[in-house]
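Chains, contacts and geometry: an overview
As a plain string of letters, each chain reads:
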Amino acid sequence: MDIVVKGRKTEVPERFRKHVAEKLKLEKIQRLDAKVISLDVEVSKEPNPRQADRSDRVEITLRSRGPVIRAEAAASDPYAALDLAAEKLDARLRKQHDKRFSRRGSRRLTAAEVPDHVPGAATLNSNGHTFQEEEPDGVPTKKIGSLEVKGEGPLIVREKTHVASPMTLDQALYEMELVGHDFYLFVDSETKEPSVVYRRHAYDYGVIHLNTDPMVTQAQSPAAGGTLGG
């Protein structure tokens with residue numbers, strides 16, 4: 001596998017190409033991810049003189065059989081930008097490597113062990129079916145997580161609550177790629193509303209933003225409605 005170095009609206013000198021090969025050591029990268037397919041380095045330059053301290057940008061894209069890993073940085077010259085981007089790539093590779101290693105060390109739980117390890121999981125009876133309690137009216141009621149479902153209902157085997165810090169769209173895409181999921185739920189730092197990024201086709205992504213309906217919020221407010229006292 002070779003490192004592909006290209007420039008976007010700028011020329012890439014041979015000296016910089018050699019520096020890339022010295023900085024991004026393939027042996028080290030392949031030790032952290034043995035399924036690497038390609039490694040691309042793109043250099044671009046910002047012509048705006050007001051951004052002289054961030055005029056050179058380097059973006060590193062590593063594609064493997066797992067999630068795509070990207071690292072980018074900007075500095076006053078391409079060499080400094082490459083150093084910063086390489087440090088980010090190394091940190092993300094190590095984090096993903098440690099995550100894969102920890103997954104291999106964990107064993108799968110049997111169906112009977114799930115309720116003991118997963119809070120709120122559905123309980124199974126001796127036949128392997130979801131435990132059901134009979135109501136006086138004869139309609140079976142199932143306790144699924146924090147829900148009580150009468151009759152046939154959705155099968156929820158796990159319920160999670162996360163503390164979410166607001167983040168940008170770029171940060172959410174990075175977190176999604178890092179965990180290897182096809183979608184990622186986050187709180188948008190600009191709107192402070194919940195949003196979801198998701199993988200579409202190839203390397204395209206989509207984003208869904210949720211906006212609170214002010215009419216519904218007002219209708220559900222305790223201060224809304226009521227009677228007037230005389």
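Just above sits the structure.
Anyway, here's the lowdown on the structure attached to this text. (Residues numbered from 1 in each chain as written. Predicted model: local features only at pLDDT ≥ 70, side-chain atom pairs only at ≥ 80, totals over all residues. Heavy atoms only, no water.)

Observations regarding the sheet that holds strand E10 (residues 205-209)
Formally: Pairing between strands is defined by DSSP: at least two bridges between them are needed. Secondary structure elements follow DSSP: runs of H or I no shorter than four residues count as helices, runs of E no shorter than two count as strands, and numbering proceeds from the N terminus. Every axis in this analysis is a line fitted to C-alpha atoms, fitted for helices over the stretch in contact. Angles between the N-to-C directions lie between 0 and 180 degrees. What makes two residues a contact is simply this: any of their non-hydrogen atoms within 4.5 Å.
Pairing in this open sheet of three strands is antiparallel, and the strands run E8-E9-E10 from one edge to the other. Among the strands making up the open sheet, the edge pair consists of strand E8 (183-187) and E10. Each strand axis lies, on average, 20° off the axis of its neighbour in the sheet, ignoring direction. As defined by bridge partners, E8 adjoins strand E9 (residues 194-199) across five bridges and the pair is classed as antiparallel. Residue pairing across strands places leucine 185 opposite valine 196, the latter belonging to E9. Against the sheet, helix H5 (residues 169-179) engages E8, E9 and E10, with an angle of about 50° to E9.

Notes on the environment of phenylalanine 16
With respect to the helices, strands and loops of the structure, phenylalanine 16 is situated in helix H1 (residues 14-23). If we skip the residues at most four places from it in the chain, phenylalanine 16 touches Val5, Val43, Val58, Pro78, Tyr79 and Leu82.

Describing the sheet that holds strand E3 (residues 56-64)
Taken together, four strands build an open sheet; the order of strands is E1-E2-E3-E4 and the sheet is mixed. A single partner strand is all that each edge strand has here, and the edge strands are strand E1 (3-8) and strand E4 (69-75). With direction set aside, neighbouring strand axes in the sheet form an average angle of 15°. Where strand E2 (residues 36-45) meets E3, nine bridges bridge the pair, whose relative direction is antiparallel. When the bridges of E3 are listed, aspartate 40 appears paired with threonine 61. With respect to the sheet, H1 is in contact with E1, E2 and E3, its orientation differing from that of E1 by roughly 140°.

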